[in-house]
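# A structural walkthrough
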Amino acid sequence: MLNPKDIIATLQMVREENLDLRTVTIGINLTDCVSDDIERFKRNIYNKITYTASKLVSTCQRIERRYGIEVANKRISISPIGVVAAPFNADQMVEIALTLDKAADELGVDFIGGFSALVEKGMSAGDRALIDSIPQALTESKRICSSVNVASTRAGLNMDAIKLMGGIIKQAANMTAEDDGLAAAKLVVFANIPQDVPFMAGAYLGIGEADAVVSVGVSGPGVVKAALERAMDEEEGMDLSRAADVIKQTAARLTRAGELVGREVAQALGLPFGIVDLSLAPTPNENDSVGEIFEAVGLPAIGAPGSTAFLAMLNDAVKKGGAFASSHVGGLSGAFIPVCEDLTIAESARQGTLSLEKLEAMTAVCSVGLDMVAIPGDTSAEMISAIIADEMAIGVINKKTTAARLIPAPGKKAGEHVVFGGLLGEGPVMAVNMGNQENRFVRLGGRIPAPIQSLVN
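Owing to the predicted nature of the structure, the values given are computational and were not obtained by experimental measurement. (Residues numbered from 1 in each chain as written. Predicted model: local features only at pLDDT ≥ 70, side-chain atom pairs only at ≥ 80, totals over all residues. Heavy atoms only, no water.)

### Topic: the overall build of the protein chain
- Across its full length, the protein chain carries 15 helices and 13 strands.
- Computed over C-alpha atoms, the radius of gyration of the protein chain comes to 21 Å, within 12% of the 23 Å expected from 2.2 N^0.38 for 457 residues, which places it in the range of a compact globule.
- Overall, the C-alpha framework of the protein chain stretches about 65 × 50 × 50 Å when taken along its three principal axes.
- Counting every atom, the protein chain has about 17,800 Å² of accessible surface; 49% of that belongs to carbon and sulfur.
- Positive and negative charge centroids in the protein chain, built from 41 and 55 side chains respectively, lie 4 Å apart. (Helix = DSSP H or I, 4+ residues; strand = E, 2+ residues; numbered from the N terminus. Rg over C-alpha atoms; globule rule 2.2 N^0.38 Å. Areas by Shrake-Rupley, 256 points an atom, 1.4 Å probe, with all protein chains shown as cover. Lys, Arg positive; Asp, Glu negative; His and termini not counted. Charge placed at Lys NZ, Arg CZ, Asp CG, Glu CD.)

Below you can see the structure in the form of structure tokens.
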């Protein structure tokens, strides 16, 4: 039974507090499209994607009008191309990316994710071809997003893959120098990547998923901020235990609203409903910032002492609220701290309150990791690989997903400004300690073994 207070609160979130559904994402399995003939394969994937998602945009628009909740992005995730396109070389992988981009353009979707490889334990020929193609594929396409999983708690860290990705990121950024390295902003390196992420750039459809499935990603940092501010005004002496309860209750409302829309879309399309990813995903807009939540509880700015402790509480409370509201929570589900996509976080980085080192410490307790971080263009490929290795180690040891989306801005130094546009936002170039020096540790390669599971304390 619907509670009138919940209905009123949800209406307020929509009208006054920037509540939107960040994404409705259709996952499409491409394993039945496999062929060793490149033209046939391209035709197969184009036809399946355009047929399966033909009504995605129009259905979302109709449900937007019905409930008054905006679906900010309509997206597609696909089986990892490194697997389903394994017979092809790097040049052919670029052709495949452009075919995917053409399908996305025809459908009117914002992004298509799954130009991906899973190489946490080793690289197949198809994986290596895909990775080698990433810079050109992301440069020549508009809507393609790419992810590479290089580590897991069970497999450890594939340092050969991590070393390779440092150079790939540099190359992708340099090929889009006139756009501040935009191609690198569509590429993310993961540890413990989930199979059901609806958010870009990490979205792909795992091999264990359905043939086609609808998942949603909610948002709502402005909603959480407003709820905390109201509670602090109304409740004298409110402590952090009560603040955690407010966040949980708000996350539950966000999750219910997201699942309602997601199930409506799935039913209209005749597809199964997958999951709700209840991550607090910010935008570069005022009053829609995760960083502002930190200020609402009294921290001077995100990055100040106390930030890691509060982020741990925020992330946990969001997960608890979502898990209470839905039995189908998945993806990443927590609090994102993407520097360039969040107005307040970007400002803290610009002022020096938030350093790269503090940001890395905070990723131990957040939803993902070093996300949308612009770094100096002269940062060496080896140092980029070393930063990735540090971030992957946090995920592997803590049994959580971590990621690195680093953009070495060509020709720019620490303190300068980059602009990517749209939800990718803008922000400062963050300093990298010893960033332009060599790093012989990364050259050793090999694998860092998986952590022991039986002696956890």
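So much for the structure itself; the text now carries on.
### What to know about the packing of aromatic side chains
- Here the structure, examined in full by the defined rule, presents three aromatic pairs.
- Relative to Phe336, the ring of Phe199 lies with its centre 5.2 Å away and its plane at 75°, an arrangement referred to as edge-to-face. Separated by 137 residues along the polypeptide, Phe199 in the loop between β6 (187-191) and β7 (212-218) and Phe336 in the loop between α11 (307-325) and α12 (343-351) bring together distant segments of the chain. Comparing Phe199 with Phe336 shows no difference in burial state: the two are buried.
- Sitting over the face of the ring of Tyr46, Lys102 holds its NZ or CZ atom 5.4 Å from the ring centroid. (Phe/Tyr/Trp six-rings, centres within 6.5 Å; stacked < 30°, edge-to-face > 60°. Buried < 20%, exposed > 50% of the residue type's maximum accessible area, 1.4 Å probe, protein only. Lys NZ or Arg CZ within 6 Å of the ring centre and 35° of its normal.)

### Points about the packing of helix α9 (residues 240-269) against α11
- Interaxial distance between α9 and α11 falls to 7 Å at its minimum, and their mutual angle equals 45°. Accordingly, the angle class assigned to the pair α9 and α11 is oblique. Regarding α9 and α11, the two cross each other, and that crossing is right-handed. Contact with α9, carried on its side by Leu240, Ala243, Ala244, Ile247, Lys248, Ala251, Ala252, Thr255, Arg256 and Glu259, involves Phe310, Met313, Leu314, Ala317, Val318, Lys320, Gly321, Gly322, Phe324 and Ala325 of α11 and no other residues of that element.
- Each residue belonging to the contact of α9 with α11 can be placed in one class, and the counts come to 13 nonpolar, three polar and four charged. (Axes fitted to C-alpha atoms, helices over the stretch in contact; angles between N-to-C directions. Parallel < 35°, antiparallel > 145°, perpendicular 65-115°, else oblique. Left-handed = near helix turned anticlockwise from the far one by under 90°. Contact = heavy atoms within 4.5 Å. Nonpolar A, V, L, I, M, F, W, Y, C, P; charged D, E, K, R; others polar.)

### Concerning unusual backbone geometry
- Cis peptide bonds are those with omega within 30 degrees of zero, and the linkage from Met200 to Ala201 qualifies with 15°.
- Although it is not a glycine, Asn192 sits at a positive phi angle of roughly 55°.
- Phi at Ser333 takes a positive value of approximately 50°, unusual for a residue other than glycine.
- Residue position: Ser333 is located in the loop between α11 and α12.

### A closer look at the confidence of the model for the protein chain
- Of the residues in the protein chain, 95% have a pLDDT of 70 or more, and the chain-wide mean is 92.
- Confidence, read as mean pLDDT per element, is least for helix α1 (residues 4-16) in the protein chain (51) and greatest for helix α6 (residues 125-140) (98). (pLDDT = per-residue confidence, 0-100.)

### Regarding helix α7 (residues 159-175)
- The terminal C-alpha atoms of α7, which comprises 17 residues, lie 25 Å apart, in line with the 24 Å expected from a rise of 1.5 Å per residue.
- Residues Met159, Ala161, Ile162, Leu164, Met165, Gly166, Ile168, Ile169, Lys170, Ala172 and Ala173 constitute the buried set of α7.
- For α7, the N-terminal capping position is held by Asn158, with its side-chain oxygen 3.2 Å away from the main-chain nitrogen of Asp160. (Expected span 1.5 Å × (residues − 1). Polar contact = N/O pair within 3.5 Å; in protein donor to acceptor, adjacent residues only side chain to side chain.)

### Side note on the environment of Val329
- Considering the arrangement of structural elements, one finds Val329 in the loop between α11 and α12.
- By relative accessible area, Val329 is classed as partly exposed at 30%.
- Once the C-alpha coordinates of Val329 and Gly122 are considered, the two residues, 207 residues apart in sequence, prove to be 30 Å apart.
- In contact with Val329, other than residues within four places in its own chain, are Thr255, Ile275, Val276, Leu278, Gly322 and Ala323.

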